[in-house]
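Read off the chains here:
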Amino acid sequence: MTSTTRTFTFRTVDPLQDAELLHSWVTHPKAAFWMMQGARLEDVERVYMEIAADEHHHALLGLRDGEPVFLMERYDPAHRELAGLYEARQGDVGMHFLTPATDRPVHGFTRAVITAVLEHLFEDPATRRVVVEPDVRNTAVRALNEAVGFVAEREIRKPEKQALLSFCTRERFAAATGVAA
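Read on for a plain summary of the structure.

Rules and cut-offs
- Residues numbered from 1 in each chain as written.
- Predicted model: local features only at pLDDT ≥ 70, side-chain atom pairs only at ≥ 80, totals over all residues.
- Heavy atoms only, no water.
- Phe/Tyr/Trp six-rings, centres within 6.5 Å; stacked < 30°, edge-to-face > 60°.
- Helix = DSSP H or I, 4+ residues; strand = E, 2+ residues; numbered from the N terminus.
- Buried < 20%, exposed > 50% of the residue type's maximum accessible area, 1.4 Å probe, protein only.
- Salt bridge = Lys/Arg side-chain N within 4 Å of Asp/Glu carboxyl O.
- Contact = heavy atoms within 4.5 Å.

Attention now goes to the packing of aromatic side chains. Two aromatic rings are characterised by how far apart their centres lie and by the angle between their planes. In this structure the tally under the stated criterion is five aromatic pairs. The interplanar angle of 90 degrees and the centroid separation of 5.2 Å between the aromatic rings of F8 and F70 together place this pair among those described as edge-to-face. A residue pair is termed long-range when its members are at least 10 positions apart, and F8 in strand β2 (residues 8-12) and F70 in strand β4 (residues 67-75) qualify at 62 residues. By relative accessible area, F70 is classed as buried at 0%. When the ring of Y86 is compared with that of F167, the centres are 5.6 Å apart and the planes differ by 50 degrees; the resulting orientation is tilted. Of the two residues, Y86 sits in the loop between β4 and β5 (92-98) while F167 sits in strand β8 (residues 161-169), which places them 81 residues apart along the sequence. Judged by relative accessible area, F167 falls into the buried class, the value being 6%. Three or more aromatic residues joined by ring pairs make a cluster, and in this case those are F8, F10, F70 and F109.

Dropping the structure here:
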């Protein structure tokens, strides 16, 4: 599966081919909220093999000029991550994204990534709203979410964290970013 949204293209993660790259991203201290700090290469392979086999969870790499520059995961919150923690609606899509650590940060890159991720998710006409559940301590991603149209609903307790359940509709995304969804 490959698709394009302006600056980035997306392709499905190949768990074996991409494991080394993903391992370097998810175990970096910058990715602490990804909760894989102590993962071994085999652990990353296994996690992404499980995702690849799961009809309700998909992992994609975001590419710029053919090179992987971020990771995104799309999941069905009625079946994964948030199952039983809120009342899922038809058209809800859960999302995670990760931009890797870099020695040369580019101003606005992470915002461009989350904008592209949402644009990609809203390309599917069945997607009515995107659901996220960042750790309440992750103030940077919470601010970024708000900047692209997410509205926080409430805190929820997940087994691994205290999370801020937030939603973004097509209309809020378009109003916040000027990008037609």
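Past the structure itself, the notes keep going.
So, on to the pattern of salt bridges. One pass over the structure, following the stated rule, counts 14 salt bridges. With its nearest N and O atoms 2.9 Å apart, the salt bridge here joins D18 to R11. Accessibility expressed as a relative area gives 3% for D18, which makes it buried. Taken together, the salt bridges that share partners define one network made up of R40, E42, D43, R46 and E50.

Moving on: the environment of I156. Relative to the helices and strands, I156 is located in strand β7 (residues 151-158). What makes I156 buried here is its relative accessible area of 5%. Note: C-alpha distance between I156 and Y86 (70 residues apart in sequence) is 8.7 Å. Discounting residues that sit within four places of it in the chain, I156 has contacts with L82, L85, K161, Q162, A163 and L165.

A word on unusual backbone geometry. Leaving glycine aside, a negative phi is the common case for residues, and trans is the common case for peptide bonds. For D65, which is not a glycine, the phi torsion comes out positive at approximately 55 degrees. Position of D65 among the secondary structure elements: in the loop between β3 (57-64) and β4. For D65, a relative accessible area of 76% puts it in the exposed group. The backbone of E81 sits at a positive phi, close to 60 degrees, despite the residue not being glycine. On the secondary structure map, E81 appears in the loop between β4 and β5. Residue classification places E81 among the partly exposed residues on the basis of a relative accessible area of 33%.

Structural measurements only, silent on function.
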